[in-house]
Amino acid sequence: MRTLIANGTVVNAGGSAEADVLVDGETIALVGHDLAAAGVTADRTIDATGKYVIPGAIDAHTHFDMPFGGTMSKDTFETGTRAAAFGGTTTIIDFAIQPKGGSLRDGIDAWHAKAEGQCAIDYGFHMIVSDVRDDVLAEMDGVVAEGIPEFKLFTAYPGVFYSDDGSIFRAMQRSVDNGGLIMMHAENGIAIDVVANQNAESGHTEPYYHGVSRYPIFEGEAANRVIRLAEAANAAVYIVHLSSRDALDAVREARDRGTPAYAETCPQYLFLSLDDMGNGFEGAKFVCSPPLRPKDHQAALWQGLQSDDLQVVATDHCPFDFHGQKDLGRADFRRIPNGLPAVEDRLDLLHDGGVVGGRLSRERWVEVCSTAPARLFGLAGRKGVVAPGADADLVVYDPARRHVISAATHHMAVDYSCYEGRAVQGGSDVVLSRGTVIVEDGQYCGPKGHGRFLRRQPTGEALRRGAV
Ligand code: URP
Ligand code: ZN
Ligand code: ZN
């Protein structure tokens, strides 16, 4: 099957050009001007006049079908990847979880069982290490070799995922040996629990107190600490879901002294704020960790994206229904399952607030949503770029289309939207995954289980040298 996407503006991280794109089978065969006039033929032509043709977006941080806070995140791999496709995302990387007391293998097997045959788009896994032991450190090497090269550790969630500094340091040392990359959830969970317990015990049990208990300085301290540990181990480190100016300062200072520290932020920290948590129990819809911050942190994060101190925007998509799941914490914010839905909205929010809002060029928008995660997570050349030889993961994107985000129309399997009623400019018209049209005319039209598991290359060594 050959598909010609004609008359569009191809937008890559490195530049834009008026060009046609010929897809042959699963890959991009040609990118060039007026290919039909040059004699190129195809089985189907998609007219992209007035549209962008961009590499399918990559969401490097999702949690589908994940046990957390006494319940399960609501999207399965089937519903979550389909919703992602509607939003122009053609690759997700989810977090497989090592069960406490179990092995990494146990977690990987469980995640393959959840995902296999279910996904609308290609998918990979990072590994959450919840129990650093000698045998687990040894097991990491084989996990890298099987295409799961990143390991997330936590300074948050004591008693659940928390690792102490020694464990984190040992995992970092191991990553230097095996080429993997340590990802960090950087918040000082021990100190946070002190403040959260003080607030709850003095009767402040509403969702808002989730936000105010998790001080920005607790994120800044933890980010600085894990970066310093990485420096001591001579390892690269990637901070996930960075939310605050305090943590960004730690990353920027590290990068300025030459440390290979990398970081992602998420739409919720760019567009939402602590104010959203203040409306009684409605605030539970916005409970995530790190929490939403006072509004004045947002400008610093946009600036971080502009200066490349933040390289990636991922969602940390971890949805729980408002009715039946978030309300587990109606009497006590400490029991509200942490996480927000966003996998469908990221590309449009970033287009609207970034490109239309004058904060990001359209090339930088493509870079933070697609090209940079491909580069950092072992998919460079294959995903994240419109170029001959790359997978034909393509989005015909209408930069002028307007729509209003709503739970009534979104495709995520969750009963609310954090962006309910927000009008955005920009939308995905046609979405291709490896050459197959999977979304068109507002319908999902791909085959079930189209998505394949991505065995990814480790990038830790190259990131350490600053060569990615
Ligand atoms: O609130 C969040 N972020 N939930 C998902 C788990 C995590 O820490 O990424
Ligand atoms: Zn986290
Ligand atoms: Zn997460």
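The structure we're discussing is the one just above.
A brief structural summary. (Residues numbered from 1 in each chain as written. Chains lettered and ligands numbered in written order. Predicted model: local features only at pLDDT ≥ 70, side-chain atom pairs only at ≥ 80, totals over all residues. Heavy atoms only, no water.)

What follows deals with helix H3 (residues 134-145). Among all positions of H3, only Val 136, Leu 137, Met 140, Val 143 and Val 144 are buried. Projected down its long axis, H3 carries its buried residues within an arc of 105°, all on one side. H3 presents Asp 134 and Ala 145 as exposed residues on the side facing more than 90 degrees away from its buried surface. Buried positions along H3 lie against helix H2 (104-115), strand E11 (150-154), helix H4 (165-178) and strand E12 (181-185). The positive-phi residue at the C-terminal boundary of H3 is Gly 147, with phi of around 90°. (Buried < 20%, exposed > 50% of the residue type's maximum accessible area, 1.4 Å probe, protein only. Helix = DSSP H or I, 4+ residues; strand = E, 2+ residues; numbered from the N terminus. Arc of directions from axis to C-beta. Contact = heavy atoms within 4.5 Å.)

With their axes 7 Å apart at the nearest point, helix H7 (residues 216-233) and helix H8 (residues 245-256) run at an angle of 25° to one another. Taken together, the axis directions place H7 and H8 in an arrangement best described as roughly parallel. The two elements H7 and H8 meet at a crossing, and its hand is right-handed. Of H8, the residues touching H7 (which contributes Pro 216, Ile 217, Glu 219, Gly 220, Ala 223, Asn 224, Ile 227 and Glu 231) are Asp 246, Ala 247, Ala 250, Val 251 and Ala 254. Grouping the amino acids of the contact of H7 with H8 by side-chain chemistry returns eight nonpolar, two polar and three charged. (Axes fitted to C-alpha atoms, helices over the stretch in contact; angles between N-to-C directions. Parallel < 35°, antiparallel > 145°, perpendicular 65-115°, else oblique. Left-handed = near helix turned anticlockwise from the far one by under 90°. Nonpolar A, V, L, I, M, F, W, Y, C, P; charged D, E, K, R; others polar.)

This part is about the coordination of the zinc ion (ligand 2). With distances of 2.1 to 2.2 Å, the protein atoms coordinating the zinc ion (ligand 2) are Lys 152 (NZ), His 185 (ND1) and His 241 (NE2). The metal-metal distance between the zinc ion (ligand 2) and the zinc ion (ligand 3) is 3.9 Å. Taken together, the residues span a long stretch of sequence, with Lys 152 in strand E11 and His 241 in the loop between strand E13 (237-239) and H8 at a distance of 89 residues. Here Lys 152 and His 241 have matching classes, each one buried. (Donors = N, O, S within 2.8 Å, 3.2 Å for Na, K, Ca; no water.)

This part covers the site of ligand 1. Around ligand 1 sit 14 residues in total, of which Lys 152, Tyr 157, Ser 289, Asp 316 and Asn 338 are the nearest. Isolated, ligand 1 exposes 270 Å² of accessible area, and the fraction of that covered by the protein chains is 99%. Of the residues in the shell around ligand 1, the class split is five nonpolar, seven polar and two charged. (Near = heavy atom within 4 Å. Areas by Shrake-Rupley, 256 points an atom, 1.4 Å probe, with all protein chains shown as cover.)

Judged by nonpolar contacts, the single largest core of 129 residues is most densely connected at Phe 151, Met 172, Leu 350 and Trp 365. Broken down by element, the residue count for this core peaks at seven residues, all from H7. With near-sequence residues (within four places) excluded, Phe 151 lies in contact with Leu 104, Met 127, Val 129, Met 140, Val 143, Val 144, Leu 181, Ile 182 and Met 183. In terms of nonpolar packing, the next biggest core, distinct from the first, is built from 17 residues, Ile 5, Ile 46, Ala 392 and Val 437 among them. (Core = buried A, V, L, I, M, F, W, Y, C linked by side-chain atoms within 4.5 Å.)

A few words now on the packing of H3 against H4. Running from amino to carboxyl end, H3 crosses H4 at an angle of 35°, the nearest separation of the two axes being 10 Å. Crossing of H3 over H4 shows right-handed handedness. On H4, the residues touching Asp 134, Leu 137, Ala 138, Met 140, Asp 141 and Val 144 of H3 are Arg 170, Ala 171, Arg 174 and Asn 178. Among the residues making up the contact of H3 with H4, the classes are represented as five nonpolar, one polar and four charged.

Keep in mind these values describe shape, not function.
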